[in-house]
Amino acid sequence: MDDHLPRAAGAGPRSRAAAGPAPHTTANTTATATATATATANAGPPDLNQLRTFLAVYRLGSFTAAARRLGLSQSTVTAQVRALERRHGRELFERRARGAAALPAADELAARVAEPLDRLAGAAERRPSAEPVHLAGPAELLGALLLPALAPLVADGVRLRVSTGLTDPLLAELRSGRHDVVVSTRRPTGRALTAVPLADEEFVLVAAPGWAAHRALAHPAHRARAKDPAGPADLADPTDLAGPTDPTDLADALPRLPLVSYAEDLPIVRRYWRHVFGRRLHALAAVTVPDLRAVRAAVAAGAGWSVLPEYLCRDALASGALVPLLRPADPPINTVYLVHRPEAAANPHLAAVRERLLAAARHW
């Protein structure tokens, strides 16, 4: 090779042996090798883009086809493969007129990286599962109506995180982002939240069957029966006629009897009194328990009377465990709302939950 190097001006021919080694050649070679090894050791992990490009070329057998598959320019594919070859210190492909033939070094590298890269690509392309939908509302509504309606969605993969509580705190938490959707017993004020009517809950004045026989609540015919035991036999069952025929008599009698209420201020019962009887209620609760299901259980056991949502005591009324003390033509109702923040939700399952609840509510 030295014969092809230009000679210095005026220098005569000299044998390689006579010339001897160039000064510092051995030292320079050793230093270069050490520097190369150090650079390789400090190069860090291989570039994943280079490995992906290499694998595409390896599998397709063509730089051009790999560029099309990856959406890159052919020059970028070539540059990345060359960078990988420099890193490994050997050629990976034999460039041919029609494609690229893998060399043994490429076979070895592909065997090491193909499976991990395929798993990584699968994880990146797989659609991540949606986040849980955070739903909140009154415990009674959630348990009796909402969660049964959402059961088919849960079976299909929707995840729920359910919280219970009073309306005002839940709406405040919805504004702050703690919940995705709240079932509210009133329409929220302002424009920070979007509210859609979900259903109307009807209220029923109820007691245990034995309470219909109470002297204070007895139908006038029963009171006459009590004074005259020889009266008509068809009135022997005190549940045949439930309560006074005159609502005024009922409104006068009930406040003197034990009342089971959701809260000390009697919110549901007071509303019923104003709507049905047109007067204020003056009564003290015998039992207060902040769970309408517990109110229902206490009333069915004979602890007193109360006013409950019809959906909550529907089965008990059908079975006779509870009886209505009055069936007004215009019972009081309360509209329940489905409330959420107005911005579009990134979680696709949130829309599914809202749509399912609105559809189910038509049959409540």
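In this text, all values refer to a predicted model and were calculated from it rather than measured experimentally.

Trainee: Would you mind showing me how to read the overall build of the chain here?
Mentor: Along its length, the chain carries 14 helices and eleven strands. Here the chain, with 364 residues, has 35% of them falling under the buried criterion. Partitioning the contacts of the chain with sequence separation of at least 6, the portion at a separation of at least 24 is 72%. With an accessible surface of roughly 21200 Å², the chain has 53% of that area assigned to carbon and sulfur atoms.

Trainee: Help me out: how do you make sense of the pattern of salt bridges in this one?
Mentor: Pairing between side chains of opposite charge can happen when the charged atoms of each approach one another. Following the criterion strictly, the structure yields ten salt bridges and no others. Note that Asp168 is salt-bridged to Arg186, the shortest N-O span being 2.4 Å. With Asp168 in helix α8 (residues 167–176) and Arg186 in the loop between β5 (181–184) and β6 (194–207), this pair connects stretches of sequence that are 18 residues apart. Here Asp168 falls in the partly exposed class, since its relative accessible area comes to 46%. A relative accessible area of 36% means that Arg186 is categorised as partly exposed. Close ionic contact of Arg279 with Asp252 constitutes a salt bridge, the shortest N to O distance being 2.8 Å. On the criterion of sequence distance, the pair formed by Arg279 in the loop between α11 (267–277) and β8 (287–288) and Asp252 in helix α10 (residues 247–253) is long-range, its members being 27 residues apart.

Trainee: For this particular structure, what's the right way to read unusual backbone geometry?
Mentor: The phi dihedral of Leu266 is positive, around 55°, even though this residue is not glycine. Tracing the backbone through its elements, the reader meets Leu266 in the loop between β7 (260–261) and α11.

Trainee: Looking at this structure, I do not really get the side chain of Glu85. What am I missing?
Mentor: For Glu85, the position within the fold is in helix α5 (residues 74–88). Among the polar contacts listed, one links the side chain of Glu85 to the backbone nitrogen of Leu92, at a separation of 2.8 Å.

Trainee: Could you clarify how one ought to interpret the packing of helix α3 (residues 48–60) against α5 in this entry?
Mentor: How two helices pack is summed up by the angle between their axes together with the distance between the axes. Across the interface, α3 lies against α5 with an axial gap of 9 Å and an inter-helix angle of 105°. Of the possible angle classes, the one that applies to α3 and α5 is roughly perpendicular. Mapping the contact onto sequence places Asn49, Gln50, Leu51, Thr53, Phe54 and Val57 in α3 and Val77, Gln80, Val81, Ala83 and Leu84 in α5. Each residue belonging to the contact of α3 with α5 can be placed in one class, and the counts come to seven nonpolar, four polar and no charged.

Trainee: So what exactly am I meant to see when it comes to the nonpolar core here?
Mentor: Core analysis: the largest hydrophobic core is formed by 59 residues, its most contacted members being Leu205, Trp273 and Trp305. Look past the residues within four positions of Trp273 in its chain and what remains in contact with it is Leu205, Ala251, Leu254, Pro255, Gly278, Arg279, Arg280, Leu281 and Trp305. If you look at the next biggest cluster of nonpolar residues, it comprises 21 residues, including Val81, Phe93, Val113 and Ala114.

Trainee: I would appreciate a short explanation of the confidence of the model for the chain in the present structure.
Mentor: Low-pLDDT stretches of the model should not have their predicted coordinates read in fine detail. When pLDDT is averaged along the chain, the result is 81; 76% of the residues meet or exceed 70. Across residues 221–243, where pLDDT falls below 50, the model places 24 contacts with residues more than four positions away in sequence or in other chains.

Trainee: What is the right way to read the environment of Glu343 from this model?
Mentor: Tracing the backbone shows Glu343 in the loop between β11 (333–340) and α14 (348–361). Remark: the alpha-carbon pair of Glu343 and Leu193, spanning 150 residues in sequence, is separated by 9.2 Å.

Rules used throughout
Position numbers for residues count from 1 along each chain, tracking the sequence in the order it is written. Reporting of local features is limited, given that this is a predicted model, to residues whose pLDDT is at least 70; pairs of side-chain atoms are given and counted only at 80 or more, and all residues count toward the totals for whole chains, interfaces and linings. Hydrogens are left out, water is left out, and the side-chain values use all remaining heavy atoms of the structure. Helix and strand definitions follow DSSP, with helices as H or I runs of at least four residues and strands as E runs of at least two, each counted in order from the N terminus. Burial classification: accessible surface area is computed with a 1.4 Å probe over protein chains only, and a residue below 20% of its type maximum counts as buried, one above 50% as exposed, and the rest as partly exposed. We call two residues contacting when some pair of their heavy atoms lies within 4.5 Å. Using a 1.4 Å probe, accessible areas were evaluated by the Shrake-Rupley method; residue-level cover was limited to the displayed protein chains. Here, a salt bridge means any side-chain nitrogen of Lys or Arg that lies within 4 Å of a carboxyl oxygen of Asp or Glu. Within 3.5 Å is the distance limit for a polar contact, defined as a pair of N or O atoms, with the added protein rule that one can donate a hydrogen and the other accept it, and that residues adjacent in sequence qualify only through two side-chain atoms. Helix axes are fitted to C-alpha atoms over the stretch in contact, other axes to C-alpha atoms as well, and angles between N-to-C directions run from 0 to 180 degrees. Any angle that falls under 35 degrees is termed roughly parallel, while one over 145 is termed roughly antiparallel, one within 65 to 115 roughly perpendicular, and all others oblique. We call Asp, Glu, Lys and Arg charged. Ala, Val, Leu, Ile, Met, Phe, Trp, Tyr, Cys and Pro are nonpolar, and the rest, Gly among them, are polar. As used here, the term nonpolar core means buried Ala, Val, Leu, Ile, Met, Phe, Trp, Tyr and Cys residues forming a set that is joined through side-chain atoms within 4.5 Å. Scored from 0 to 100, pLDDT records how confident the predictor is in each individual residue.

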